[in-house]
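Results of the structural survey
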Amino acid sequence: VISYFMGNFTFARFLAKTRNKDDITTHGSGNPGTMNMLRTHGVWLAVLTLLFDAIKSVVCCVGALYFLGGPSAGYISNIAIYTAGLSCVIGHCYPVIFKFKGGKGVATSLGMAFVAHPIAGPVIMAVFLMIFLISKTASLASILCCIAYVIFDSVMLLYNGYYVSFLLLLCLMGLIVYA
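Residues numbered from 1 in each chain as written. Predicted model: local features only at pLDDT ≥ 70, side-chain atom pairs only at ≥ 80, totals over all residues. Heavy atoms only, no water.

Another point: the layout of surface pockets. A volume near 930 Å³ is recorded for the largest pocket. Every residue lining the largest pocket is counted, 42 residues in all, and those nearest its centre are T34, M35, V106, F128 and S142. Secondary-structure elements contributing two or more residues to the lining of the largest pocket are α3 (34-41), α4 (43-67), α6 (106-116), α7 (120-135), α8 (138-160) and α9 (163-178). Partitioned by chemical class, the residues of the lining of the largest pocket number 27 nonpolar, 12 polar and 3 charged. (1 Å grid on protein atoms, 1.4 Å probe; cavity = no way out; pocket = protein on both sides within 12 Å on 5 of 7 lines; lining within 4 Å. Points joined across faces, edges and corners; volume = space filled by probe spheres on them. Helix = DSSP H or I, 4+ residues; strand = E, 2+ residues; numbered from the N terminus. Nonpolar A, V, L, I, M, F, W, Y, C, P; charged D, E, K, R; others polar.)

Now the structure itself:
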């Protein structure tokens, strides 16, 4: 529940309002996310949006992890990471405080990936950047990175017997592709 409500806070709305006295949802795609910030408010605010939306998920995942016993809790700690990550992304995509109209959840999911597999996060970012620079299409790069991460993480989760976390991961990536 805490992760869901933390996900409700979309940094694109906050940064656009405080920095440019503007509502991000009235410009560009209307999406309060990194790519719309890039198109409408520039690189600096887009980078801050990406960073803060990812950190929001990191805080949720690490908080849940340590609340349930820390990394040594094994199976339970793994489920805590994916449950908190999914809850935060749902809160980001469907925030109750903004009439269920939120972002796409890509940056928020990236934060969860950094907690679940710290090495995978930078790799995902590099692959996203490469695909985006070639295709000039953020949605294509996002979906391809989500698919690549699901394949990588599925192998890791299923190999270790973390079936509940695997199902939560599939729900998370399904939500992102849908959004």
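Turning to the packing of α3 against α4, a few remarks are in order. One way to put it is that α3 packs onto α4 with a least axis distance of 7 Å and a crossing angle of 165 degrees. Our classification of the angle between α3 and α4 gives roughly antiparallel. Crossing angle aside, the handedness with which α3 passes α4 is right-handed. Contacts between α3 and α4 pair T34, M37, L38 and H41 from the former with V43, L45, A46, T49 and L50 from the latter. (Axes fitted to C-alpha atoms, helices over the stretch in contact; angles between N-to-C directions. Parallel < 35°, antiparallel > 145°, perpendicular 65-115°, else oblique. Left-handed = near helix turned anticlockwise from the far one by under 90°. Contact = heavy atoms within 4.5 Å.)

What follows is about the nonpolar core. In this structure, I81, Y82, M112, Y149, L169 and M173 are the most contacted members of the largest nonpolar core, which totals 33 residues. Broken down by secondary-structure element, the contributors of at least two residues to this core are α4, α5 (75-93), α6, α7, α8 and α9. For I81, the contacting residues outside a window of four places in its chain are C61, L65, M112, V115 and A116. Residues A12, L15, M37 and L48 belong to the second largest nonpolar core, which totals 8 residues. (Core = buried A, V, L, I, M, F, W, Y, C linked by side-chain atoms within 4.5 Å. Buried < 20%, exposed > 50% of the residue type's maximum accessible area, 1.4 Å probe, protein only.)

Okay, unusual backbone geometry next. Non-glycine residue K99 carries a positive phi angle of around 55 degrees. Residue classification places K99 among the exposed positions, given a relative accessible area of 70%. Phi is positive for F100, close to 65 degrees, though the residue is something other than glycine.

Moving on, we get to α3. Of the positions making up α3, those classed as buried are T34, M35, N36, M37 and H41. Positive phi shows up at G42, right after α3, with a value of about 100 degrees.

What follows deals with the packing of aromatic side chains. Inspection of every chain in the model, using the stated rule, returns 7 aromatic pairs. Pairing F11 with F52 gives two aromatic rings, centres 5.2 Å apart and planes at 35 degrees, and the pair type is tilted. With F11 in helix α2 (residues 11-20) and F52 in helix α4, this residue pair connects regions lying 41 residues apart in the sequence. With a relative accessible area of 17%, F11 lands in the buried category. With a relative accessible area of 30%, F52 lands in the partly exposed category. Relative to Y162, the ring of Y75 lies with its centre 5.6 Å away and its plane at 50 degrees, an arrangement referred to as tilted. Of this pair, Y75 sits in helix α5 while Y162 sits in the loop between α8 and α9, and the two are 87 residues apart along the sequence. Assessed through its relative accessible area of 33%, Y75 is described here as partly exposed. The structure contains a cluster of three or more aromatic residues connected by ring pairs, namely F9, F11, F14 and F52. (Phe/Tyr/Trp six-rings, centres within 6.5 Å; stacked < 30°, edge-to-face > 60°.)

Without other data, these values stay purely geometric and don't point to any function.
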